[in-house]
Amino acid sequence: MNKPTLAKVTNLPVKDLSDVPALLRKLADDIEANKYGHVHAAGVVLEAAELPAFGFGANGQPQNVSELFAMAHTKLIHQRLSYIESCRP
């Protein structure tokens, strides 16, 4: 049985985060260039009228993608809490 690992949450290395289509193209290019290793699945949430969410890949079923979102949320919260702790005197 494979040992489970935490999802890696990273920032896209770009300065202008307002161009959503360009960011998605950059992400696709980076995945094709194997920058993140083998990608089993991806999840995307759009801040739009109905908050659409999508899952892609071999593990792109709703239950797997919801776990990706949950792991990413947990990691982001831990990063925020670590930052807050580092600012304390």
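Bear in mind that the values here come from a model prediction, so they are computed numbers and not experimental data.

> I keep staring at the overall build of the chain and nothing clicks. Help me out?
Secondary structure summary: the chain contains two helices and two strands in total. Counting only residues that meet the buried cut, the chain has 7% of its 89 residues in that class. Within the chain, residue pairs in contact and separated by at least 24 positions form 28% of the contacts whose partners lie at least 6 positions apart. Counting only carbon and sulfur atoms, one obtains 59% of the accessible surface of the chain, whose full area is about 7,700 Å².

> Looking at this structure, I do not really get the pattern of salt bridges. What am I missing?
Two side chains of opposite charge can pair, provided their charged atoms sit close to one another. Evaluation of the coordinates by the stated rule reveals three salt bridges. When the shortest N-O distance is used, the salt bridge between Glu85 and Arg88 registers 3.3 Å. Glu85 sits in the partly exposed class, given a relative accessible area of 47%. Shared partners join several salt bridges into a network, and the residues in it are Lys26, Asp30 and Lys35.

> Sorry, what's going on with the environment of Ala53 here?
Relative to the helices and strands, Ala53 resides in strand S2 (residues 53-57). The spatial distance from the C-alpha of Ala53 to the C-alpha of Val65 is 9.1 Å, given a sequence separation of 12 residues.

> I keep staring at the environment of Leu24 and nothing clicks. Help me out?
Within the secondary structure, Leu24 is located in helix H1 (residues 20-32). Sequence separation of Leu24 and Val44 is 20 residues, and the distance between their C-alpha atoms is 9.7 Å.

> Just checking my understanding: could you explain a nonpolar patch on the surface for this structure?
Taken together, the side chains of Ile77, Leu81, Tyr83 and Ile84 make up a nonpolar region of the molecular surface, amounting to roughly 390 Å² of accessible area. Among the structural elements, Tyr83 can be located in helix H2 (residues 62-87).

> Would you explain the packing of aromatic side chains in this entry?
Centre distance and the angle of the planes are the two values used to describe a pair of aromatic rings. Inspection of every chain in the model, using the stated rule, returns one aromatic pair. An angle of 20° between the planes, with centres 6.3 Å apart, marks the rings of Phe54 and Phe56 as stacked. Of the residues examined, Phe54 reaches a relative accessible area of 37% and is grouped as partly exposed.

Analysis parameters
- Residues numbered from 1 in each chain as written.
- Predicted model: local features only at pLDDT ≥ 70, side-chain atom pairs only at ≥ 80, totals over all residues.
- Heavy atoms only, no water.
- Helix = DSSP H or I, 4+ residues; strand = E, 2+ residues; numbered from the N terminus.
- Buried < 20%, exposed > 50% of the residue type's maximum accessible area, 1.4 Å probe, protein only.
- Contact = heavy atoms within 4.5 Å.
- Areas by Shrake-Rupley, 256 points an atom, 1.4 Å probe, with all protein chains shown as cover.
- Salt bridge = Lys/Arg side-chain N within 4 Å of Asp/Glu carboxyl O.
- Patch = residues over 30% accessible without salt bridge, like charges linked within 9 Å, V, L, I, M, F, W, Y side chains within 5 Å.
- Phe/Tyr/Trp six-rings, centres within 6.5 Å; stacked < 30°, edge-to-face > 60°.

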